[in-house]
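Listed here are the chains, written in short residue letters.
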4 protein chains.
Amino acid sequence: MKKIERQSSGKKFKEKLFGVIYESDTLGGKFFNIALITCVVISVLIVSFDSIERINIRYGKILLFAEWTITILFTIEYALRIVCIKKPLKYIFSFMGLVDLLSILPLYLSFFFTGTKYLVVIRTFRILRVFRILKMWNFIEASHHLTRALYISSIKIGVFLLFILVLVIIIGSLMYLIEGGKYGFDNIPQSIYWAIVTLTTVGYGDIAPKTPVGRSFASIIMLLGYGILAVPTGIVTAELVKLAKAPHVKSIHSCPSCGKEGHDTDAHFCKFCGGKLGISPAHE
Amino acid sequence: MKKIERQSSGKKFKEKLFGVIYESDTLGGKFFNIALITCVVISVLIVSFDSIERINIRYGKILLFAEWTITILFTIEYALRIVCIKKPLKYIFSFMGLVDLLSILPLYLSFFFTGTKYLVVIRTFRILRVFRILKMWNFIEASHHLTRALYISSIKIGVFLLFILVLVIIIGSLMYLIEGGKYGFDNIPQSIYWAIVTLTTVGYGDIAPKTPVGRSFASIIMLLGYGILAVPTGIVTAELVKLAKAPHVKSIHSCPSCGKEGHDTDAHFCKFCGGKLGISPAHE
Amino acid sequence: MKKIERQSSGKKFKEKLFGVIYESDTLGGKFFNIALITCVVISVLIVSFDSIERINIRYGKILLFAEWTITILFTIEYALRIVCIKKPLKYIFSFMGLVDLLSILPLYLSFFFTGTKYLVVIRTFRILRVFRILKMWNFIEASHHLTRALYISSIKIGVFLLFILVLVIIIGSLMYLIEGGKYGFDNIPQSIYWAIVTLTTVGYGDIAPKTPVGRSFASIIMLLGYGILAVPTGIVTAELVKLAKAPHVKSIHSCPSCGKEGHDTDAHFCKFCGGKLGISPAHE
Amino acid sequence: MKKIERQSSGKKFKEKLFGVIYESDTLGGKFFNIALITCVVISVLIVSFDSIERINIRYGKILLFAEWTITILFTIEYALRIVCIKKPLKYIFSFMGLVDLLSILPLYLSFFFTGTKYLVVIRTFRILRVFRILKMWNFIEASHHLTRALYISSIKIGVFLLFILVLVIIIGSLMYLIEGGKYGFDNIPQSIYWAIVTLTTVGYGDIAPKTPVGRSFASIIMLLGYGILAVPTGIVTAELVKLAKAPHVKSIHSCPSCGKEGHDTDAHFCKFCGGKLGISPAHE
C-alpha cells in the first residue's frame, strides 16, 4: 500500500518536474527557462571575458569558479532531464540532447587532459548552449513560416552555392595568373580566398589587385557579383511570398443538412448535398 | 463680461497657435514647420562643424552664440507647445515631446556642469531634433505601406537577428581558436566583432584571417553569409508584396432576382439563386 | 517653279536626315547610331587614358587631336539635329539636347580659359555623352517595366533615404563621442562618413572603431544595417512583382451580335448584349 | 557470320559504354560520374597546392606525376566519349565537349612550349573541368526554375549593368577631379575602379577619398548604391515569384447538361448554359 503511494508520489513528482523542465507554458516552466537562458548568457560572457588576457590574469580564478558553478548546475539539470522523460534515449540522441551534453562535457574533460591550450578549444563548444534559447522560438509563431521557407530554399541555395564555388575557383586561378603571384595573390588558394571576399562584397582589402589588368578583371567580377547576389535573395523571397499568400478564406459554418464544412463564405447552398445553408449572424 | 471676452480671445489665440504649431496644412503651419526644419538643419550643421578642431578654434564663439540663439528659440517653442495643447502631460511624455525636451536641455545643463568634455556628449542628443522632420512623413502617403510592412516584419527580423547573434558568437569563438589569439583575433569579443563585420559583408579589413585554416573557415562563413543576407530582405519583401496585392475584383452589381452581390464580373447567372443577372450601363 | 522644287528637295533631305539621326529602325539610322556610340566609347577611352600621366606625356598630342576630331564631328551632328527637327527649341532644352550641347562645349571653352587645370574639370562632362547610348534603351522592351517600377519606387526610397540620413547623423555623432575624437573619428562629419560607409556595408576600413565600446556599438549598427538593407530591395521588388503580374487573359474575339470585345476566354454569351458568342478554331 | 557477331558485340559494347559514360541513372554510370568528379576535385587541389611555393619545392615532382596520371585518364575518357557517341562532331563542338578538350590539352602543349611560366597560364583552364559536376544539376529539379528565371532576367540585368557602367564612368571621373589626382585617384581608370568597388559595396579601402568634398560625394554615391543594389535583386525575385505562382484552381468536373468544363469549385449552376452542376464523390 505504502509502496504504491511512494511510486505514485514519485510519478507525480516526475510529472511536475517534466512540466517545469520541458514545458514553458506553466509558471514553474517559465521561471526555469528564464533562469536557464540567464545562465547560458552569463556563461557565454564568462568565456568571452576569460579570453581577454588582461581580465584573465586578474579575475581568472573567480571566472573559473563561476564557470564550474554553472557547469555543475547544468549537469544536475541534464540528469533531471533524463530522469523525468519517458524515452530518455530519444532525448539523449536528439539535437538538443547532444547540445546539452556538449555543454557540460568540456570542463570535466579538462581534468584528464591537462593541456590548457586545448582545454580552451573544447570550452568553446559550450557556447552552443545558447542554442537552448532557440527552444523559445516555439513561442514565436513568426519563425514557423521562416524556417519552412528556408528549408524549401535550402536545396536551391545549395545548388547555387555549388555554382558559386566553381565560379570562385576559376576566378581565383585567373586572378593568380593575371597578378602573377604578387600583391597577396601568392598562390591559387589565396586567390580563391580573394575571389570569395570580393564576390560576397565583404572586401577586406588585405588582398587587392594592383595591376591595371587585374583591376579591370576585378571590376567585371564585382559587377557580375552584383547580379549574382540577387539570386539567393530571390530564392528566399519567392518562397516566403508563396507561403505568405493568405489561404482562401472559407466559412466556419457547417451545412445543417449534411454537416460538412469548407463552404465559401458567399455560398448559400451546400456544395456537397445541395441543401440550403443557414445564415449566421456573422454574415449579416 | 470683460473677463469672458479676455478668456475667449485667449482661447482663440490658443486655437490659432495650435493650428500653427501642431498642424501643417494651414499656411502658418507650413511656414512654421519649414522654419523649424531649417533651424534643425542649421543646428546640426553647427554641432558638426564645431567638432572640427580647426573651425572650433577660429569660429567657436560665433557658433556657440548661434547655438544659444536656436536653443532659446526652441525653448520658447517648447513652452508654447505645452501652453496651446489641451492635454500637456500627454504631449510631454510622448516620444516627440521627450525629443523636444532633450533638444533644449543639454545646453542649459552645461551651466551647472562645467566639464566641457561631457558637455559635448550631451550636445549630441540635440541632433535628435532632426527627427522632427519625420513629422513631415505624414504628408507622404508612401511611407504608410512601408511602416506597416516594417512593423509586421520586425518580429520576424527580431527572431532572425537573435539567430544571427548565436551564430556570430559561435563563429567568433571558433575563429579565436583557429587563429590562436593572433592577427587581431586577440580575444573572443574581438573575434565576435570580426564575425559580425564579415557576416554583414561590411568587411573593414582591420581584423582579417592570415592562416590558411582561418581563411578557409572565413570563406565558408562568407558563402554562408551570402544565403543569410537573403533572409531579412525576403521577409520585408514578402510583407510588402502581400500588402501591395490588389484585392480580387468582383462585379458591383447585385442579382435582380435575389439581390445578392459578389458575382464574378463575367457571371450571367446568379450563383446563389440561379436567376439571370442584369446588365448595367457601366459595362458598355 | 524651281524654287518650290528646291524647297521640296530641301524638305525631302531634311526628312531623310531626320530618319537617319533620330530614328534607329531605318538602315541609315542603325549605322548612324552605331557610329555615334562607337565615337562616344572612343572619346571616353581617350579622356580616361589621357588622365594617366605616363600616357599623357607620350601620346598627349595625338589624344588631343583625336579628341578635337570627335568634338568637331559631334558639333556637326548637333547642328544637323537642330536643322532637321521641327521644334528645335524643344530638342535643345530637352535632357538629351542639353547632354548633346555639354558634350561639345567644354573643349571650345578651353580656348578662352587657358587654365589647363580647370579645363580638365569641364572635360569630364563629355563623358555624359555615354548617356546617348541610353537612347538605345528604346529597343529593349525589358527596360520599360524596370523604369516604371523604379519611378514608382523612387518616392518610397526617397522617404527611406531621408530616414537613413537622420539615422546616420545620430550614429555618427554617438560614435564621435564614444571613440573620443580618435582613430579617424576626428570630428562629427567624419564620423557620419564612417556611419554611411558602415551602414551601406561598403566598409573601407580607413576609419574603424578601436575601443571595445566603439566596436560593440558598431556591431549593433551593422546588425541593424542588415535589416535596413532589406527595405529598398523590398520596395523595388514589391513594385516589380506587382507590375510583372500577368494581366488577366481575355479572348481576342468580339461578339458577333454587338461587336464588343473583352470577353473571358470561357464565356459563351456576350456579357454586353447577351448574344451567343461564336467559337473560333483556336478554342477547339 | 562471325563478322556480324563481332560488329554486334562491338555495338553492344558501345551501347554499354554510352550508358556508363553519358548516363548517370545506371549503376555503372553513377560510379563513373562519382569517380570523374573525384578526379576533378583532386586535380583542382593539385593545381592549387602546386601554386604554393613551399609545397611546389618539396612535392613538385609528385604533384606533376599525379597531374599527368589524371590527364592521361581524362584523355582516355575523352577518346571513349567520342567513340561511343553517335554524332561525335556534335559532342566535340558542344560546350561540355570543348571543356573536356581544354581539360587535357594544356599539359600536352607544355611539351612543345617550354616556357614554364606560360604553362601555368594554360594549366588553369583545366579547372573548368569542375563544370562537369554541373552535369549533375540534371538530377536536382530545383535548379530548373532557377535557370529559367535567370535566363529571363538576364536581359533586364544586362540593361541594368549597362546603366551602372555609364554611372560608374561619370562617378569615377567626377571623383578624379574632386580628389585632384591624389590619394589613389591617380587617373580616371583607377577612379572608375574605385567607383565600382564602392557602388557594389565591396569597399577594399585601398583607394578611399581623403578630402571633405570627396568624402561627401562618396557618401552620396554610397547612399545611391543602397537603392541601386535593390534593382537586380528585385528583377530576379519578381521573375521567381512569377514562376512560382500556382495556377488558379478550377473544378475538374464538367457540366452534366452541356459538358463544358472550367467552373469554379464552388459553382452550382453552369455558367455557360445555366444547368445545375452534378456533385462528384471527390468532393466528399
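Attention here is on the structure that accompanies the text.

What counts as what
Residues numbered from 1 in each chain as written. Chains lettered and ligands numbered in written order. Predicted model: local features only at pLDDT ≥ 70, side-chain atom pairs only at ≥ 80, totals over all residues. Heavy atoms only, no water. Helix = DSSP H or I, 4+ residues; strand = E, 2+ residues; numbered from the N terminus. Buried < 20%, exposed > 50% of the residue type's maximum accessible area, 1.4 Å probe, protein only. Contact = heavy atoms within 4.5 Å. Areas by Shrake-Rupley, 256 points an atom, 1.4 Å probe, with all protein chains shown as cover. Salt bridge = Lys/Arg side-chain N within 4 Å of Asp/Glu carboxyl O. Expected span 1.5 Å × (residues − 1). Patch = residues over 30% accessible without salt bridge, like charges linked within 9 Å, V, L, I, M, F, W, Y side chains within 5 Å. Phe/Tyr/Trp six-rings, centres within 6.5 Å; stacked < 30°, edge-to-face > 60°. Axes fitted to C-alpha atoms, helices over the stretch in contact; angles between N-to-C directions. Parallel < 35°, antiparallel > 145°, perpendicular 65-115°, else oblique. Nonpolar A, V, L, I, M, F, W, Y, C, P; charged D, E, K, R; others polar. Core = buried A, V, L, I, M, F, W, Y, C linked by side-chain atoms within 4.5 Å. Bend = angle between axes of the 7 residues up to and from the residue.

So, the overall build of chain A
- Helix and strand counts for chain A stand at 10 helices and 0 strands.
- Taken from N to C terminus, the helices and strands of chain A fall in the order α-α-α-α-α-α-α-α-α-α.
- Taken across its 284 residues, chain A has 47% of its residues classed as buried.
- A separation of at least 24 residues holds for 51% of the contacts in chain A among residues at least 6 apart in sequence.
- Accessible area for chain A stands at about 15300 Å²; split by element, carbon and sulfur atoms hold 70% of it.

Quick word on the environment of B:Tyr176
- Looking at where B:Tyr176 falls in the secondary structure, it is placed in helix 7 (residues 142–179).
- Considering only alpha carbons, one finds B:Tyr176 and B:Gly205, 29 residues apart in sequence, at a separation of 16 Å.

As for the side chain of C:Glu239
Residue and element names in this part refer to chain C.
- Tracing the backbone shows Glu239 in helix 10 (residues 230–244).
- The buried category is assigned to Glu239, whose relative accessible area is 5%.
- Other than its neighbours up to four places away in sequence, Glu239 contacts Ala149, Ile152, Ser153 and Lys156.

Focus on the pattern of salt bridges
All names here are of chain A.
- With the rule as written, the count across this model stands at 8 salt bridges over all chains.
- Note that Arg81 and Glu77 form a salt bridge whose closest N and O atoms lie 2.5 Å from each other. With a gap of 4 residues between them, Arg81 and Glu77 both fall in helix 3 (residues 53–84), about one helical turn apart. Residue Arg81 shares its accessibility class with Glu77, and that shared class is buried.

Quick word on helix 9 (residues 212–228) of chain A
All names here are of chain A.
- Taking 1.5 Å per residue as the helical rise, helix 9 with its 17 residues ought to reach 24 Å, and the 24 Å between its terminal C-alpha atoms agrees with that figure.
- Judged by how many residues are buried, helix 9 sits mostly within the fold: 12 of 17 residues are covered.
- For helix 9, the complete set of buried residues consists of Gly214, Arg215, Phe217, Ala218, Ser219, Ile221, Met222, Leu223, Gly225, Tyr226, Gly227 and Ile228.

Some words on a nonpolar patch on the surface
- A cluster of nonpolar residues, A:Ile72, A:Leu73, A:Ile76 and A:Leu80, forms a patch on the protein surface that exposes about 330 Å² of accessible area.
- The topology assignment puts A:Ile76 in helix 3.

Some thoughts on the packing of aromatic side chains
- Inspection of every chain in the model, using the stated rule, returns 8 aromatic pairs over all chains.
- Between C:Phe185 and C:Trp194 the ring centres are 5.3 Å apart and the planes differ by 70°, which places this aromatic pair in the edge-to-face class.

Some thoughts on the packing of helix 8 (residues 188–199) of chain B against helix 9 (residues 212–228) of chain B
Residue and element names in this part refer to chain B.
- Close contact between helix 8 and helix 9 brings their axes to 9 Å; oriented N to C, the two are set at 50°. Compared by their axis directions, helix 8 and helix 9 come out oblique. In this structure, helix 8 contributes Trp194, Thr198 and Leu199 to the contact, and helix 9 contributes Ala218, Ile221, Met222, Gly225 and Ile228.
- Partitioning the contact of helix 8 with helix 9 into residue classes produces 6 nonpolar, 2 polar and no charged.

Some details on the nonpolar core
- Ranked by internal contacts, the top residues of the largest apolar core, which has 212 residues, are A:Trp194, B:Trp194, C:Trp194 and D:Trp194.
- Looking at this core element by element, the count peaks at 11 residues for helix 7 (residues 142–179) of chain C.
- For D:Trp194, the residues in contact, after removing those within four places along its chain, are C:Tyr204, D:Ile171, D:Met175, D:Phe185, D:Ile207, D:Ala208, D:Pro209 and D:Ala218.

Looking at helix 3 of chain A
- At A:Tyr59, helix 3 of chain A is deflected by roughly 80°, the largest bend along its length.
- Among the residues making up helix 3 of chain A, those that are buried are A:Ile55, A:Gly60, A:Leu63, A:Glu67, A:Trp68, A:Ile70, A:Thr71, A:Phe74, A:Glu77, A:Tyr78, A:Arg81 and A:Cys84.

Things to note about unusual backbone geometry
- Positive phi outside glycine occurs at B:Thr201, with the angle close to 60°.
- Relative to the assigned elements, B:Thr201 resides in the loop between helix 8 and helix 9.

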